[in-house]
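Single-letter residue listing:
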Amino acid sequence: MDRLLDVRQLKTAHLGPLDLALQPGELVQVTGASGSGKSLLLRALADLDPNTGEVMLNGQPRDAMAPVDWRRRVAYVPAETAWWGERVDEHLPVDFARAAALHLLEQVALPEASLGWEVERLSSGEKQRLGLVRALLNQPRVLLLDEPTANLDLENTKRIERAVRGYLAEEDAAALWVSHDTLQRQRLGGRILTIANGKLEVTAWN
Amino acid sequence: MELISLSALDLSLAALLVVALAGLTVWARMGLGRSLLIAGARTVIQLLLVGLILQTLFDHAQLGWVALMAVIMLAVAGYEVMARQQRRFAGLWGYGIGAVTMFISAFAVTVLALTTMVGPTPWWEPQYAIPLLGMLLGNTMTGIALGLDRLTQTVWRERRTIEGRLAMGASWSEAVTTMRREAARSGLMPTINAMAAAGIVSLPGMMTGQILAGAPPVEAVKYQILIMFLITAGTGLGTLGAVWFASRRLFDTRERLRLDRLKAGRHS
């Protein structure tokens, strides 16, 4: 099978060296104690922290791509999403497809009007759902999700899980999903990477 | 009109006012007496020294000496800019960004003014060159220091916003644009305020000095206008340049936010 994301000897100040590969359509879970380096792994893959090693997307090396293009294709969604404008739609990609936005909003149970909502009045759960929608509108090939359901109730958690699964299937994209929730781990299934002391220690199949 | 020379007695009388004020603060237990006396003593010593240096410089008007004086002024101003940063760049950059942008802006504007507007012979005539450069450096220094300080503080505070923008596919420049605008504004505001209030709220120091020295008020005003425009141009150029260079330096070639390039200054 082709490798969508191929990572060799990835190393940062507090991480690695580690190897990792994601297949198209695959959702791989990342787990580990707090402070073990899960977020650092995602940040390094999004090229937000200095790192060395070989990282390739569809066989194309990262260094051959402009940083802007890389981060659109390899989307990092932090646990606490950042909002800087006054209204939600100020945070969307300039040329986003309206139809795609409506489709995604429907999946996470938010109305079309939410694009015009004031950021000031969003709940943490709404921020998290809209943060995912905004990242998906860039049509990334790889999703780096750092506890994307941390602020959500079970119903909305399942919605996010379905939305991400749906996106991966439709776009043949892949995701790394950091999760602490044992039940969620069972629901999501697939490969589980355990990270400890900045290294990938166990690779388990669920 | 003739310049009335001040005698030692005149200065002593003025000094007596400061001493009296210091005595008053000691009596009122406000704890400012020592600071007032030390600062007063520094004023006397520093200004007398500068007076002597300028006198020597005027007596031996040579380009080399004027240039040496200019370089020393720049070196000190560069240090001041660095020292006023709460978070400054580590290594040579901490000094370099301020000093280089001041050199480019203040020196360029001074040379331009000397060669095209004021036009003394020779163009580096110390009586004109040194005070002009001094005023430009002093103001540019303040603008750059304010601008850089605001930039690094805001970027530090808003790092999540910046990385959020980067993660959404913004370039480093787009990600930092609001912080850069705020920093440039902060550096230029004092100069803009000074222009707007000139002559109404306060009589600018240089103009006051020229009038006291016997110059006709309208001549003094013309000089003041020239100086204010030069200061605005120099400060603006220097601040914009410094803020741009610094904001670029906060990101690496892969457009990652590199706050590790900053270190805490001595005031934090």
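Residues numbered from 1 in each chain as written. Chains lettered and ligands numbered in written order. Predicted model: local features only at pLDDT ≥ 70, side-chain atom pairs only at ≥ 80, totals over all residues. Heavy atoms only, no water.

Chemist: Just give me the short version of the pairing of strand S4 (residues 52–57) of chain A, but keep the residues and values in it.
Modeler: Residues and elements named next belong to chain A. Taken together, the five bridges between strand S1 (residues 5–12) and S4 define a ladder with antiparallel strand orientation. Within the sheet, the bridge partner assigned to Arg 8 lies in S4 and is Glu 54. With two bridges connecting them, S4 and strand S5 (residues 60–61) associate as antiparallel partners. Paired with Leu 57 across the bridge in S5 is Gln 60. Connecting S4 to the next strand, S5, in antiparallel fashion are two residues, including Asn 58 with a positive phi near 55°. (Pairing = 2+ DSSP bridges. Helix = DSSP H or I, 4+ residues; strand = E, 2+ residues; numbered from the N terminus.)

Chemist: I'd love a proper account of the sheet that holds S5(A), names of residues and values included.
Modeler: Residue and element names in this part refer to chain A. On the basis of which strands lie adjacent, the open sheet formed by four strands has the order S2-S1-S4-S5 and antiparallel pairing. The open sheet has two edge strands, strand S2 (15–22) and S5, and neither has a second partner. Here helix H1 (residues 38–45) sits on the sheet in contact with S1 and S2, set at roughly 115° to S1. (Contact = heavy atoms within 4.5 Å. Axes fitted to C-alpha atoms, helices over the stretch in contact; angles between N-to-C directions.)

Chemist: Requested: an account of the interface of chain A and chain B, with residues and values cited.
Modeler: In this assembly, 26 residues from chain A lie in contact with 16 residues from chain B. Between chain A and chain B the total buried area reaches about 1700 Å² when both faces are included, carbon and sulfur atoms providing 50% of it. On the surface where chain A and chain B come into contact, there are three salt bridges. Residue Arg254(B) pairs with Asp47(A) through a salt bridge whose shortest N-O separation is 3.1 Å. Joining chain A to chain B, the criterion identifies 12 residue pairs in polar contact (both at pLDDT 80 or more). Of all the elements in the fold, those that place two or more residues in the side of chain A that touches chain B are helix H2 (67–73) and helix H4 (124–136) of chain A. Ranked by residues supplied to the side of chain A that touches chain B, first place goes to H2(A) with five residues. Of the residues contributing to the side of chain A that touches chain B, the split by class is 13 nonpolar, four polar and nine charged. (Buried area = accessible area lost by both parts, 1.4 Å probe. Salt bridge = Lys/Arg side-chain N within 4 Å of Asp/Glu carboxyl O. Polar contact = N/O pair within 3.5 Å; in protein donor to acceptor, adjacent residues only side chain to side chain. Nonpolar A, V, L, I, M, F, W, Y, C, P; charged D, E, K, R; others polar.)

Chemist: Go over the side chain of Arg191(A), please, and point to the residues and values.
Modeler: Residues and elements named next belong to chain A. Here Arg 191 lies in strand S9 (residues 191–196). Of note is the side chain of Arg 191, whose polar atom sits 2.7 Å from the backbone oxygen of Ala 21. Reaching out from Arg 191, the side chain makes a polar contact with the side chain of Glu 26 at a distance of 3.0 Å.

Chemist: Tell me what's going on with the environment of Ile231(B), and back it up with residues and numbers.
Modeler: Residue and element names in this part refer to chain B. Locating Ile 231 in the fold gives a position in helix H10 (residues 217–249). Taking the C-alpha atoms as reference points, Ile 231 and Leu 132, separated by 99 residues in sequence, lie 9.4 Å from one another. Residue contacts for Ile 231: discarding those within four places in its chain leaves Met 135, Leu 136, Asn 139, Thr 191 and Gly 236.

Chemist: Can you tell me about unusual backbone geometry, naming the residues and giving the values?
Modeler: Glycine aside, a negative phi is what most residues show, and trans is what most peptide bonds show. Along the chain, Thr121(B) connects to Pro122(B) via a cis peptide bond; the corresponding omega equals -10°. Its location among the elements puts Pro122(B) in the loop between helix H4 (92–118) and helix H5 (126–157). Its identity is not glycine, yet Asn58(A) carries a phi of approximately 55°, on the positive side. Relative to the helices and strands, Asn58(A) is located in the loop between S4 and S5. For Gln139(A), which is not glycine, the phi torsion reads 50° and is therefore positive. Note that Gln139(A) resides in the loop between H4 and strand S7 (142–146).

Chemist: Just give me the short version of a negative patch on the surface, but keep the residues and values in it.
Modeler: Residue and element names in this part refer to chain A. A cluster of like negative charges, contributed by Glu 86, Glu 90, Glu 118 and Glu 120, occupies part of the molecular surface. Tracing the backbone shows Glu 120 in the loop between helix H3 (98–107) and H4. Glu 120 sits in the exposed class, given a relative accessible area of 74%. (Patch = residues over 30% accessible without salt bridge, like charges linked within 9 Å, V, L, I, M, F, W, Y side chains within 5 Å. Areas by Shrake-Rupley, 256 points an atom, 1.4 Å probe, with all protein chains shown as cover. Lys, Arg positive; Asp, Glu negative; His and termini not counted. Charge placed at Lys NZ, Arg CZ, Asp CG, Glu CD. Buried < 20%, exposed > 50% of the residue type's maximum accessible area, 1.4 Å probe, protein only.)

Chemist: Outline the packing of helix H2 (residues 33–59) of chain B against H5(B), listing residues and values.
Modeler: All names here are of chain B. The geometry of H2 relative to H5 is characterised by a closest axis approach of 10 Å and an angle of 140° between their N-to-C directions. Across from Leu 54, Leu 57 and Phe 58 in H2, the residues of H5 making contact are Pro 126, Gln 127 and Ile 130. Class assignment for the residues of the contact of H2 with H5 results in five nonpolar, one polar and no charged.

Chemist: Give a description of the domain arrangement of chain B that names residues and reports values.
Modeler: Residue and element names in this part refer to chain B. Taken as a whole, chain B is organised into domain 1 (7–59) and domain 2 (62–264). The centre of domain 1, based on its C-alpha atoms, is set 29 Å off from the matching centre of domain 2. Between domain 1 and domain 2, the residue contacts involve four residues of the former and six residues of the latter. In this assembly, domain 1 packs against domain 2 so that about 430 Å² is buried in total across both faces, 91% of it on carbon and sulfur atoms. It is Leu 54, Leu 57 and Phe 58 that lose the most area in domain 1 upon contact with domain 2, and together they represent 87% of the buried surface on that side. (Domains from an automatic or database assignment.)

Chemist: So what about the confidence of the model for chain B? Which residues, and what values?
Modeler: Scored by pLDDT, chain B has a mean of 92; 98% of the residues are at 70 or more. Across chain B, element-level confidence peaks in helix H7 (residues 172–175) of chain B with a mean pLDDT of 97 and bottoms out in strand S2 (residues 262–264) of chain B with 87. (pLDDT = per-residue confidence, 0-100.)

Chemist: Summarise helix H8 (residues 177–197) of chain B; cite the residues concerned and give the values.
Modeler: Residue and element names in this part refer to chain B. Here H8 spans 30 Å end to end across 21 residues, near enough to the 30 Å set by a 1.5 Å rise per residue. Of all bends in H8, the biggest is about 40°, found at Leu 188, and the proline Pro 190 comes one to four residues later. What H8 keeps buried is the set Met 179, Arg 180, Ala 183, Ala 184, Ser 186, Gly 187, Leu 188 and Thr 191. Those residues of H8 that are buried lie in contact with H5, helix H6 (159–167), H7 and H10. In the stretch just after H8, Gly 199 is the one whose phi turns positive, near 85°. (Expected span 1.5 Å × (residues − 1). Bend = angle between axes of the 7 residues up to and from the residue.)

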